[in-house]
Amino acid sequence: MTLNYRHLHYFWMVAKEGGFARAAERMDMAIQTISAQVRELEKDLGHQLLKPAGRGVALTEAGQVAFAKAEEIFQIGQSLPELVRAVAGKPVLHFRIGLCDGISKLAVHALLKPVLDTENLHLTCHEGEPEQLLAELALHHLDFVFAGQPPPANPNLRVQSRMLISSEVDWYGASKWVKKSHVNHFPQCLAELPVLLPTGHSRLRVDLNYWFEQLGIVPHVVGEFEDSALMSVFAARGSGVFPVSRLGVNDTGTLSGLRLLGRCDAVHEAIHGVWNVRGIDHPLVVDLLERLAV
């Protein structure tokens, strides 16, 4: 059954006005016309919606349900023109970004902060493998990609890139793991403490492995994560200690409940911005590149 919204509107007006006569006067229509339309609605729904009450009408139990829904429907309808005018007067600015697996999401959020207050911004974030995101960028399905390293040379991709930041890496963990004795023996304590690391396909993991090798440390790895933000959640729940870009740490409140275990100035996480050669016309791409010039 397709609901006749004109019939529903007549019923709504009768219920609001408390009777057919007042509704007819309000709508400047004949009582018989409105009454017939309401009867058609009751016939379609299979239930009586109104019953006599003194000189007016009252809602039946079924009518109360119908009136509540009609109230929602027609209140939305009354606000629709204003909403349309507001949207039409302020065009939405879409910004579609890609986040390569393995890079610090906390650092990316910090990099995006300057543009997040853009009026009428509609931000869409996609996460995936670099090859997939670069292909989407080449097809103009994305406006900008954050990656852990520059894209491979490929004339068919027609993209440009720039290193946006290179941030030192610090180690954090829940209080149960960050004891004074561990802090004093950092980084050697990573051979004993449970360690969470990015998965092997990330550039940061490659650099951390080299750092461990140079120091002769065999870390006690208990978990590996593609998503750095998820890794921080597990760390905050006490699963282990983990490395994080210092830029991400500076984003106030992102590491609530975690304590600094030690600083690792020898390891840096680089984040590169990649855009389509034709995408430089996007105002937020231009804004980001200007603000993040190194």
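Everything numeric here is computed off the predicted structure, so don't read it as measured data.

Engineer: Would you mind showing me how to read the side chain of Arg-205 here?
Structural biologist: Note on placement: Arg-205 falls in helix α8 (residues 203-215). Once residues lying within four places of it in the same chain are set aside, the contact partners of Arg-205 are Leu-197, Pro-198, Thr-199, Gly-200 and Glu-224.

Engineer: I keep staring at the packing of helix α5 (residues 105-116) against helix α11 (residues 283-291) and nothing clicks. Help me out?
Structural biologist: For any two helices packed against each other, one specifies the inter-axial angle together with the distance between the axes. At a closest axis distance of 10 Å, the pairing of α5 and α11 adopts a crossing angle of 120 degrees. Considered as vectors, α5 and α11 are oriented oblique to each other. When the axes of α5 and α11 are compared, the crossing they make is right-handed. Contact residues: α5 offers Leu-111, Leu-112, Pro-114 and Val-115, while α11 offers Leu-284, Asp-287, Leu-288 and Arg-291. Tallied by class, residues from the contact of α5 with α11 come to six nonpolar, no polar and two charged.

Engineer: Is there a simple way to explain the pattern of salt bridges in this structure?
Structural biologist: Any two side chains of opposite charge can pair, on the condition that their charged atoms come close. Tallied over the full model, the rule gives eleven salt bridges. Among the salt bridges present, the one from Glu-72 reaches Lys-69, with a minimum N-O distance of 3.9 Å. Here the residue Glu-72 and the residue Lys-69 both occupy positions in helix α4 (residues 61-89), the gap between them amounting to three residues, near one helical turn. Given the relative accessible area of 44%, Glu-72 is considered partly exposed. Look at Lys-69 and you get partly exposed, because its relative accessible area is 48%.

Engineer: Whenever I open this one, the sheet that holds strand β3 (residues 93-100) confuses me. Can you help?
Structural biologist: Strand pairing within a sheet occurs via backbone hydrogen bonds; the two strands may be parallel or antiparallel. The strand order β4-β3-β5-β10-β6-β9 describes an open sheet built from six strands, whose pairing is mixed. Of all the strands in the sheet, just β4 (121-128) and β9 (242-245) have a single pairing partner and so form its edges. Adjacent strand axes in the sheet meet at a mean angle of 30 degrees, parallel and antiparallel pairs treated alike. When β3 meets strand β5 (residues 144-147), the two strands line up parallel, connected through three bridges.

Engineer: Any chance you could explain α8 here in plain terms?
Structural biologist: Residue pairs spaced three or four apart in an α-helix point in one direction, given the helix's 3.6 residues per turn. Relative to the 18 Å expected for 13 residues at 1.5 Å per residue, α8 spans 19 Å between its end C-alpha atoms, a close match to the ideal helical length. Taken as a whole, α8 has its buried residues at Leu-204, Arg-205, Leu-208, Trp-211 and Phe-212. Projection of α8 onto a plane perpendicular to its axis shows the buried side chains occupying an angular sector of 120 degrees, all on one side. Opposite the buried face of α8, at more than 90 degrees from it, the exposed residues are Tyr-210, Glu-213 and Gln-214. Looking at the buried positions of α8, the neighbouring elements they touch are β6 (159-174), β7 (194-198), β8 (220-225), β9 and β10 (258-276). Gly-216, located one to two residues past α8, shows a positive phi value of around 70 degrees.

Engineer: Sorry, what's going on with the packing of aromatic side chains here?
Structural biologist: How two aromatic rings sit relative to each other is given by the distance of their centres and the angle of their planes. Scanning the entire structure with this criterion turns up eight aromatic pairs. Between Trp-171 and Trp-211 the ring centres are 6.4 Å apart and the planes differ by 25 degrees, which places this aromatic pair in the stacked class. Within this pair, whereas Trp-171 is found in strand β6, its partner Trp-211 is found in helix α8, the two being separated by 40 residues in sequence. Aromatic side chains Phe-186 and Trp-211 sit 6.4 Å apart centroid to centroid with 35 degrees between the ring planes, which places their arrangement in the tilted category. Separated by 25 residues along the polypeptide, Phe-186 in the loop between α7 (180-184) and β7 and Trp-211 in helix α8 bring together distant segments of the chain. The class of Phe-186 is buried, set by a relative accessible area of 15%. On the accessibility criterion, Trp-211 (10% relative accessible area) is buried.

What counts as what
- Residues numbered from 1 in each chain as written.
- Predicted model: local features only at pLDDT ≥ 70, side-chain atom pairs only at ≥ 80, totals over all residues.
- Heavy atoms only, no water.
- Helix = DSSP H or I, 4+ residues; strand = E, 2+ residues; numbered from the N terminus.
- Contact = heavy atoms within 4.5 Å.
- Axes fitted to C-alpha atoms, helices over the stretch in contact; angles between N-to-C directions.
- Parallel < 35°, antiparallel > 145°, perpendicular 65-115°, else oblique.
- Left-handed = near helix turned anticlockwise from the far one by under 90°.
- Nonpolar A, V, L, I, M, F, W, Y, C, P; charged D, E, K, R; others polar.
- Salt bridge = Lys/Arg side-chain N within 4 Å of Asp/Glu carboxyl O.
- Buried < 20%, exposed > 50% of the residue type's maximum accessible area, 1.4 Å probe, protein only.
- Pairing = 2+ DSSP bridges.
- Expected span 1.5 Å × (residues − 1).
- Arc of directions from axis to C-beta.
- Phe/Tyr/Trp six-rings, centres within 6.5 Å; stacked < 30°, edge-to-face > 60°.

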